[in-house]
Amino acid sequence: PQPKRLADYTPYPFRVDQVALTFRLAPCATQVLARLDLTPQSPGADLRLDGEGLRLLALRLDGHALPPADYTLTETGLTIAARALPAAAFVLESEVEIDPAANTALEGLYMSGGMFCTQCEAEGFRHITFYPDRPDVMAPFRVRIESDLPVLLSNGNPVAQGTGWAEWHDPWPKPAYLFALVAGDLVALRDRFTTASGRSVDLAIWVRRGDEARCGFAMEALKRSMRWDEEAYGREYDLDVFNIVAVDDFNMGAMENKGLNIFNSKLVLASPETATDADYERIESVIAHEYFHNWTGNRITCRDWFQLCLKEGLTVYRDQQFTSDIRSAAVKRIEDVLALRARQFREDQGPLAHPVRPESYIEINNFYTATVYEKGAEVVGMLRRLVGDDGYRRALDLYFDRHDGQAATIEDWLTVFEHATGRDLTQFKRWYSEAGTPRLRVTEDWDGSRYTLTFTQETPPTPGQPVKTPRVIPIAVGLLGQNGDEVVPTRLLEMTEASQSFAFEGLAARPVPSILRGFSAPVVLERETTQAERAFLFAHDTDPFNRWEAGRSLARSALMAMVGGAAPDPDLIAAYGRVLADAPADPAFGALCLRLPSEDEIATALHAAGTPPDPAEIHGARARLTHAIATAHEGALQAVFAAMADPGPFSPDAAPAGRRALRMACLGLLNRLDNGARAERLCDAATTMTERLAALACLIEMNRAAGALARFRDGFAHDRLVMDKWFMVQVLHAAPDLAAETAAHLAALPDFDWKNPNRFRALMGGLAANHAGFHHASGAGYRFYADWLIRLDPINPQTTARMSTAFETWPRYDAHRQALMRAELGRISAQPGLSRDTGEMVARLLA
Ligand code: HT7
Ligand code: ZN
């Protein structure tokens, strides 16, 4: 297939003034009647409509059947010759038949558990009807649904309904990717929201019968999001209704369709017995994210899919702000940076590296990546740091004023910042066009009163971009005195050159620098520091992010040394004693400080230091450090574990969740000392899923989980979301030698419904995240994983392609593992009929 290129953009030569759709729903033969009111914009152009897998029943132009000689039908669409088209406005009607029951790819109109639902981003609408399926074609939609099912939903406001039918009207012009339809036997949790200007909005969360008691948290999160967007961005909701539907079969997390968000049920349903604190936090942030798209994505959309970060980077940034406002800002920043490093830095350092705004693609679904989303959000955060809070607010107000109702570009976005703040962002734009994570080296100089920091930036080559140019890097720096006092509060240094110095004058003594506070730019900071200085920052830094960062870097170095055979570092062990003493004052932060670097993180660090990582050694070193910390601080760990018990009624709020996180961190450390005894007791007594699952993981790690797993299964066999956890935890925490075998055993169970993306991801994602298990030298993990990708690809290309990224780290490992991984990728790429999605990914992985 030919790649699409950003440079080739041309506007669509017709305007769509109005869309009217009628759906006659039937699982295997749904009829879709489409009436498009079109106006030519560029004389002499053929009318090209996208359409795939559609059986054309009728085609009329201004009420008359179109003769076959006037149009061409291919596998990918329909083209009506310019000569057959009127010069002025006309009406095109088509009737097609589609088969939702056969749609296992979950793109377009499909069935999930007896209900009809849609997923149209990015290019799903072309599986529903013939249409210009591109985001810069925006139109108001009228939809009529005919079906015996009791609940019939679409975008916008309800117009009318009767037995077996309903009509909807969405007055806001929108691209086809925001179209949605749901029909099913659903029940709703209802509520109401009054906007700042006093308009009443009916809210409903639609779920399968029996799930309605688990929607309360999502509804509260929705109302909090609506209020926050009014307060923080001055953005009100703009329809009479806002509907959310939970579906069990979904390729991703959720979808922001106008007025009718569709969610993976795991991101809606929550109760203390079934959802962990991490689930609650994720539900809250995804509800917010999809809601925030109403302005950043829907009212202002993207001109083309190369601009995806325009809506996704900004909306992730907004959902991160929301969570940090309503929970702990420091904890949220650390969690976000952990995720950024684990997913985006990894992507940027491997064969799949691409710019935040890519310049070409074969399958756009493959570009819903950590780079577009998370790095895209970091770029927005840097812009804000550079222009300040007021500048950011002015720029966003101008963005909404100027581009409301439009399909915009990154150029439009940067121009509003330039116009609102007077700043030239030409160089800053490189963050959008150049891939790769800059390495930022720091040296320092002290002459008795002046302290100078010299930074050097360098970005390694990435596929297709061998040479990089200097970026604008906002570096937040504070200086501490030897007693821990802050002698220079946080100052933002703006680096623009390849190498640049910044001096601090008039200091009485040599300070200790705290660099890149709050992780002010998505770079890798490389600085030669002593253990003592990092320990000092871990104890005293007034910036919580950098305090955590100092501890993390101490632990990472100790673990790297332990992989090489060193004993646990006594200073580090002592530092954990201080963390434990301080932890009850800020439990969520304490829990983060107690958490050791992941095996993947250690592998990355070893690779960066020039040593091919040995996954088994890393696993062993991490276990030894855990044991050493627990042995040294057993009493304190037991005391904190006991003190963090929560006798009160359950609350998912940040404070009690933080106490549970700290308690579970202590449990994890103590586990090896008591051989799982504490976990065994907790697993049966737990009243929350957070504790039950953490205890189960501990038992699996001690290889004494058989009884607990059986009881867990008996208790939750009816609950698909909890059973996903049961599948995942066993593979994720299996001993390295047992991981592939455990996965194979679970995959053979009758309730391994592999066609359901959540179940597939639970098991296979668990294996890929078990670092030492997946990368076992036998190659069994790779083989098993590839076998299942090959099996899934024909029925669900999108999920297969996404999951192929488990192999993206192959260049990091030794020659033996590299050969094994490449062989599996080769085997996948040789499959006859491999999808375009997976084909593109495997080719990039192997290039
Ligand atoms: N904008 C959406 C991205 C998306 C998606 C969601 C569900 C299934 C398939 C999908 N393809 C693209 C979700 C979001 O980022 O908000
Ligand atoms: Zn999004």
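About the cut-offs
Residues numbered from 1 in each chain as written. Chains lettered and ligands numbered in written order. Predicted model: local features only at pLDDT ≥ 70, side-chain atom pairs only at ≥ 80, totals over all residues. UniProt positions renumbered as here; feature names shortened; annotations may be inferred. Helix = DSSP H or I, 4+ residues; strand = E, 2+ residues; numbered from the N terminus. Rg over C-alpha atoms; globule rule 2.2 N^0.38 Å. Buried ≥ 20, exposed ≤ 12 C-beta atoms within 10 Å, placed from the backbone. Contact = placed C-beta atoms within 7 Å. Near = placed C-beta within 6 Å. Nonpolar A, V, L, I, M, F, W, Y, C, P; charged D, E, K, R; others polar. Pairing = 2+ DSSP bridges. Axes fitted to C-alpha atoms, helices over the stretch in contact; angles between N-to-C directions. Parallel < 35°, antiparallel > 145°, perpendicular 65-115°, else oblique. Left-handed = near helix turned anticlockwise from the far one by under 90°. Core = buried A, V, L, I, M, F, W, Y, C linked by C-beta atoms within 7 Å.

- As recorded in an unreviewed UniProt entry, the protein chain goes by Aminopeptidase N and comes from Phaeovulum veldkampii DSM 11550.
- Looking at the protein chain in UniProt, the text filed under Sequence similarities (unreviewed entry) is "Belongs to the peptidase M1 family."
- Its UniProt record gives the protein chain a comment under Cofactor (unreviewed entry), which states: "Zn(2+)".

1. What about the overall build of the protein chain?
At step 1: For the protein chain, the helix and strand inventory stands at 26 helices and 31 strands.
At step 2: What you see for the protein chain is a C-alpha radius of gyration of 28 Å, in line with the 29 Å of a compact globule of 847 residues.
At step 3: For the protein chain, the spread of C-alpha atoms along the principal axes amounts to about 85 × 65 × 60 Å.
At step 4: By the burial criterion, 50% of the 847 residues in the protein chain qualify as buried.
At step 5: Relative to all contacts within the protein chain whose residues are 6 or more apart in sequence, the contacts with residues 24 or more apart total 70%.

2. Focus on the UniProt feature "domain: Aminopeptidase N-like N-terminal" (unreviewed entry) in the protein chain
At step 1: With numbering aligned to this structure, UniProt lists the feature "domain: Aminopeptidase N-like N-terminal" (unreviewed entry) at residues 103–178.
At step 2: For residues 103–178, the end-to-end C-alpha separation is 19 Å, with 0% helix and 50% strand making up the annotated structure.

3. Quick notes on the site of ligand 1
At step 1: Around ligand 1, a shell composed of 13 residues is seen, among which Gln119, Glu121, Asn251, Met252 and Met255 lie nearest.
At step 2: Going through the elements one at a time, strand S20 (254–255) and helix H2 (277–292) are the ones with two or more residues in the shell around ligand 1.
At step 3: Considering only residue class, the shell around ligand 1 consists of 5 nonpolar, 4 polar and 4 charged.

4. Comments concerning unusual backbone geometry
Excluding glycine, residues mostly carry a negative phi; peptide bonds, for their part, are mostly trans.
At step 1: In this model, Glu121 is joined to Ala122 through a cis peptide bond whose omega is 0°.
At step 2: Mapped onto the secondary structure, Ala122 falls in the loop between strand S11 (115–119) and strand S12 (139–146).
At step 3: Of note in the backbone geometry, Leu516 takes a positive phi value of approximately 65° without being a glycine.
At step 4: Within the secondary structure layout, Leu516 lies in the loop between strand S30 (512–515) and strand S31 (524–526).
At step 5: Positive phi is not limited to glycine here, since Asn703 has a value of about 60°.
At step 6: Residue Asn703 is classed as exposed on the basis of its 12 C-beta neighbours within 10 Å.

5. Section: the UniProt feature "domain: Peptidase M1 alanyl aminopeptidase C-terminal" (unreviewed entry) in the protein chain
At step 1: As recorded in UniProt, the feature "domain: Peptidase M1 alanyl aminopeptidase C-terminal" (unreviewed entry) lies at residues 532–846.
At step 2: Each end of residues 532–846 is marked by a C-alpha atom, and these two atoms are 43 Å apart; helix forms 71% of the span and strand 0%.

6. Observations concerning the pairing of strand S14 (residues 157–162)
At step 1: In this structure, S14 lies alongside strand S15 (residues 165–174), joined through 5 bridges in antiparallel fashion. Each bridged residue has a counterpart across the sheet, and for Gly162 the counterpart in S15 is Trp165.
At step 2: Between S14 and the antiparallel strand that follows it, S15, lie 2 residues; Gly164 among them carries a positive phi value of about 85°.

7. Here we look at the packing of helix H1 (residues 216–233) against H2
At step 1: Direction vectors running N to C along H1 and H2 enclose 45°, while the axes themselves pass 9 Å from each other. The orientation of H1 with respect to H2, classified from their angle, is oblique. When you trace H1 past H2, the crossing you get is right-handed. Across from Phe217, Ala218, Ala221, Leu222, Ser225, Met226 and Asp229 in H1, the residues of H2 making contact are Tyr280, Ile283, Glu284, Ile287, Ala288, Tyr291 and Phe292.
At step 2: Its residues assigned to classes, the contact of H1 with H2 comprises 11 nonpolar, 1 polar and 2 charged.

8. A closer look at the sheet that holds strand S18 (residues 200–208)
At step 1: One open sheet accounts for 5 strands, arranged S17-S18-S19-S21-S20; its pairing is mixed. Edge strands, defined here as strands with exactly one partner in the open sheet, are strand S17 (186–194) and S20.
At step 2: The pairing of S17 with S18 spans 9 bridges and is classified as antiparallel. When the bridges of S18 are listed, Leu189 appears paired with Ile205.
At step 3: Packed on one face of the sheet, H1 meets S17 and S18 and runs near 30° to S17.

9. Some remarks on the environment of Met115
At step 1: Along the polypeptide, Met115 turns up in strand S11.
At step 2: For the pair Met115 and Asn703, spaced 588 residues apart in the sequence, the C-alpha separation amounts to 41 Å.
At step 3: Those residues within four positions of Met115 in sequence are excluded, and the remaining contacts are Val182, Ala183, Gly184, Leu186 and Val247.

10. With respect to the nonpolar core
At step 1: Of all hydrophobic cores here, the largest spans 240 residues; its most connected members are Val182, Val245, Val268 and Leu696.
At step 2: Counting residues per element, this core draws most heavily on helix H5 (residues 370–403), at 11 residues.

11. Let's talk about the sheet that holds strand S2 (residues 14–24)
At step 1: If you walk across this open sheet you meet the 8 strands as S6-S5-S9-S3-S2-S12-S15-S14, and the pairing is mixed. In the strand order of this sheet, the two ends are held by strand S6 (64–65) and S14, each with one partner.
At step 2: Pairing of strand S5 (residues 55–61) with strand S9 (residues 90–98) involves 6 bridges; the strand directions are antiparallel. Pairing of Leu61 across the sheet is with Leu92, part of S9.

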